[in-house]
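Structural overview
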Amino acid sequence: VQLGDSGILYQDSFTQDANSTTVLFDSAIQYTGYVVIQELSSASSTYAQVIYTYGNYNFNYNQTLGTSGTALFPVLPGPLQVIIGNQNETSTNTGNATATFYY
C-alpha cells in the first residue's frame, strides 16, 4: 500500500491567548492516512492534538512541539479535528502552522 496523495488542511499564522487552543481543521476525512503538523511559535509548551472518531471508537492524541516542532498522527476516516494549543503560559502565543493530510 502506498499513500500517494496529500492535501493541506491548514497553512497560516495563528495568535492565541495563554493556556488556550486553536482549531486548525474540523471536518470529515474520507481516507485512512496520517496528519503531519509543523509549527514555529513563541510558546515552549505548544502542542498539537488530533481528535477523531471511527465507528464507535473515539481517538484523542497529542504531542508537545515546543517553539519549533513536527508531529505525525495516523488517522482513520470520519470526523477529524486538528488542534494546536499551549498550556502553563503567561503571555500570548503567536506562530505559523501547517497541517498536511497524506492519504
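Now for a description of the structure that goes with this document. (Residues numbered from 1 in each chain as written. Predicted model: local features only at pLDDT ≥ 70, side-chain atom pairs only at ≥ 80, totals over all residues. Heavy atoms only, no water.)

1. Side note on the overall build of the protein
Helix and strand content of the protein: zero helices and eight strands. For the protein, the sequential pattern of α-helices and β-strands runs β-β-β-β-β-β-β-β. Split into buried and exposed, the 103 residues of the protein put 43% on the buried side. When contacts within the protein are restricted to residue pairs at least 6 apart in sequence, long-range pairs at least 24 apart make up 80% of them. (Helix = DSSP H or I, 4+ residues; strand = E, 2+ residues; numbered from the N terminus. Buried < 20%, exposed > 50% of the residue type's maximum accessible area, 1.4 Å probe, protein only. Contact = heavy atoms within 4.5 Å.)

2. Details of the sheet that holds strand β4 (residues 47–54)
Strand pairing in a sheet is mediated by backbone hydrogen bonds. Such pairs are either parallel or antiparallel. Read across the open sheet, the four strands follow the order β2-β7-β4-β5; overall the sheet is antiparallel. Strand pairing shows two members of the sheet lacking a second neighbour, β2 (21–29) and β5 (57–64), which therefore form its edges. With strand direction ignored, the average angle separating the axes of adjacent strands in the sheet is 15 degrees. When β2 meets strand β7 (residues 78–85), the two strands line up antiparallel, connected through eight bridges. Residue A28 lies in a different strand from β7, and its bridge partner there is P79. (Pairing = 2+ DSSP bridges. Axes fitted to C-alpha atoms, helices over the stretch in contact; angles between N-to-C directions.)

3. Some points on the nonpolar core
With 21 residues, the main nonpolar core has L9, V35, I37, V75, L80 and V82 as its most contacted residues. Secondary-structure elements contributing two or more residues to this core are β1 (6–16), β2, β3 (33–41), β4, β6 (68–75), β7 and β8 (93–102). In this view, V35 contacts L9, A71, L72, F73, V75, L80, V82, T100 and F101; residues no more than four positions away in its chain are not counted. (Core = buried A, V, L, I, M, F, W, Y, C linked by side-chain atoms within 4.5 Å.)

4. A look at the packing of aromatic side chains
The full count for this structure, using the stated rule, is five aromatic pairs. The interplanar angle of 5 degrees and the centroid separation of 5.1 Å between the aromatic rings of Y31 and Y103 together place this pair among those described as stacked. Residue Y31 is found in the loop between β2 and β3, and its partner Y103 is found in the segment after β8; the two are separated by 72 residues along the sequence. Judged by centre distance (4.8 Å) and plane angle (15 degrees), the rings of Y52 and F59 are stacked. According to the relative accessible area criterion, Y52 is buried, its value standing at 6%. An aromatic cluster of three or more residues is present, and its members are Y31, F101 and Y103. (Phe/Tyr/Trp six-rings, centres within 6.5 Å; stacked < 30°, edge-to-face > 60°.)

5. Here we look at unusual backbone geometry
The residue N19 is not glycine, and still its phi comes out positive at about 60 degrees. Locating N19 in the fold gives a position in the loop between β1 and β2. Accessibility expressed as a relative area gives 46% for N19, which makes it partly exposed. One non-glycine residue, N88, adopts positive backbone phi at about 60 degrees. Relative to the elements of secondary structure, N88 occurs in the loop between β7 and β8.

Taken by themselves, the reported measurements are silent on function.
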